[in-house]
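Below are the chains, spelled out letter by letter.
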Amino acid sequence: MRWDNLAENPVSARDAALFGTDAVTTRTFDTPEFRGITFHEIRARSIVNRVPGASRMPFEWTVNPYRGCTHACVYCFARKTHSYLDLDTGLGFDSQIIVKINAPTLLRRQLASRQWQGAHIAMGTNVDCYQRAEGRYQLMPGIISALRDRANPFSILTKGTLILRDLELLRQAAQVTDVGVSVSVGFTDQELWRTVEPGTPSPERRLAAVRTLTDSGIACGVLMAPVIPFLGDSPNQLRATVRAIAASGATSVTPLVLHLRPGAREWFTRWLREHHAHLVPRYERLYAEGAYAPKWYQRRVTRQVHELADEFGIGPAGRSGRRHVLVPTTPDVAPEPGPTQLTLL
């Protein structure tokens, strides 16, 4: 396995990519929720990552305390990142989890650097920071606390209901900076959920988390992602999903059509052949030009979702304004002033 971009003190030999057993602690836990999963605990050199300039992402900086994800979503675009470590992008991505155990300490140090200008930091944009591993390693409370103490704007995107554990920290952070929270729910179809997102909380539980967040004063949007062609995009399915999102109290709904990057494309196609073989030719035609569905298809889905959102009383991201805690509580911290930035999720 390659750990050169993750280890704190890499070796300097010509092929300095492989580390011995002293650089990584590997653990397994014999509990039902972690059975069959291997955790590789590493000490990262850096935790704030710049997004490549060619990326379509609307943010510049991210924090990712984990690599690999037990959500096991068959379409996950982040699968390719496991190949950088010589790990399998299929089952290996679902079961070989990299844990950056020093993430909170490292983030606090980097935020205090004179070079850091207080830019918005997005989390959950690669793999989910509230996947099951977070229940054991509890890295996010330290990460949110570090951002709160520096009044650094941030956003979180998640499929994990574990975010509710950190509700009070989010409330505190939002009193001193811009905090964006979005939950990902692409569909409410139970059969589809069980096969394409087997390690995630159900859509109903995720929407219940949205309700809890909004009832607690934290405005929470829903990223309706992915809308899966021919399996989750019928008018009735879109209507049912948007209706459920509206009922959750979500402040916004933003649709995103499935995209299939290398790594994810192969794994998703394998799943498609096993479960919906008749759709393979249709997918080959729809994604013949690359990772993204044609613009006409994306525009059609976006228009349908926005029309339904208007019907049910919610709108696309941005109409609801800044997303922050509304209750007037003040954290017991002394944040330093810094630049602010509107949330991006």
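S.K.: Describe the pairing of strand S8 (residues 154-158), naming the residues involved and giving the relevant values.
M.R.: Side-chain positions along a regular strand alternate between the two faces of the sheet. Burial of S8 is extensive: five of the five residues sit out of reach of the surface. As paired elements, strand S7 (residues 121-123) and S8 share three bridges and run parallel to each other. Within the sheet, the bridge partner assigned to Ile121 lies in S8 and is Phe154. Of the strand pairs in this sheet, S8 and strand S9 (residues 179-184) are connected by five bridges, and their pairing is parallel. Following the sheet pairing, Ser155 is matched in S9 by Gly180. Taking the sense of rotation as the criterion, the β-α-β connection linking S8, helix H6 (residues 167-174) and S9 turns out right-handed.

S.K.: Lay out the pattern of salt bridges with the relevant residues and their values.
M.R.: Applying the stated criterion across every chain yields a total of 13 salt bridges. Linking Glu311 and Arg239 is a salt bridge whose minimum nitrogen-to-oxygen distance equals 2.9 Å. One end of the pair, Glu311, is in helix H12 (residues 295-312); the other, Arg239, is in helix H9 (residues 235-247), and 72 residues separate them in sequence. Its relative accessible area of 48% is what places Glu311 among the partly exposed residues. The partner of Arg270 in a salt bridge is Glu274, and the shortest N-O contact between them spans 3.7 Å. With Arg270 and Glu274 both in helix H10 (residues 264-275) and four residues apart, this pair spans about one turn of that helix. Among the residues examined, Arg270 registers a relative accessible area of 48% and is labelled partly exposed. In this structure Glu274 comes out as exposed when scored by relative accessible area, which is 57%. Where salt bridges share partners, they join Arg108, Arg148 and Asp149 into one cluster.

S.K.: Mind laying out the sheet that holds strand S6 (residues 96-100), listing which residues take part and the relevant values?
M.R.: Read from one edge to the other, the open sheet built from four strands follows the order S1-S2-S6-S5, with strand pairing classed as mixed. Two strands close off the open sheet at either side, each with one partner strand: strand S1 (25-28) and strand S5 (66-67). Taken together, the four bridges between S1 and strand S2 (residues 38-42) define a ladder with antiparallel strand orientation. By the bridge assignment, Thr28 is partnered in S2 with Thr38.

S.K.: Requested: an account of the packing of aromatic side chains, with residues and values cited.
M.R.: The relation between two aromatic rings is expressed through the spacing of the ring centres and the mutual angle of the planes. This structure, assessed with the given rule, holds ten aromatic pairs. Taken together, a centroid distance of 5.5 Å and an interplanar angle of 50 degrees make the contact between Phe29 and Phe39 tilted. You can see Phe29 sitting in the loop between S1 and S2 and its partner Phe39 sitting in strand S2, a full ten residues away along the chain. Classification of Phe29 as buried rests on a relative accessible area of 18%. The class for Phe39 is buried, based on a relative accessible area of 0%. Where Tyr283 meets Tyr287, the ring centres are 5.8 Å apart and the plane angle is 5 degrees; that geometry is what we call stacked. Neither Tyr283 nor Tyr287 differs from the other in exposure class; each is buried. Through pairs of rings, three or more aromatic residues link up here, namely Phe230, Phe268, Trp271, Tyr283 and Tyr287. When the ring centre of Phe29 is taken as reference, the NZ or CZ atom of Arg136 above it lies at 3.8 Å.

Calculation rules
- Residues numbered from 1 in each chain as written.
- Predicted model: local features only at pLDDT ≥ 70, side-chain atom pairs only at ≥ 80, totals over all residues.
- Heavy atoms only, no water.
- Buried < 20%, exposed > 50% of the residue type's maximum accessible area, 1.4 Å probe, protein only.
- Helix = DSSP H or I, 4+ residues; strand = E, 2+ residues; numbered from the N terminus.
- Pairing = 2+ DSSP bridges.
- Right-handed = clockwise from strand over helix to strand, strands pointing away.
- Salt bridge = Lys/Arg side-chain N within 4 Å of Asp/Glu carboxyl O.
- Phe/Tyr/Trp six-rings, centres within 6.5 Å; stacked < 30°, edge-to-face > 60°.
- Lys NZ or Arg CZ within 6 Å of the ring centre and 35° of its normal.

Scope: geometric values only; no functional claims are made or implied.
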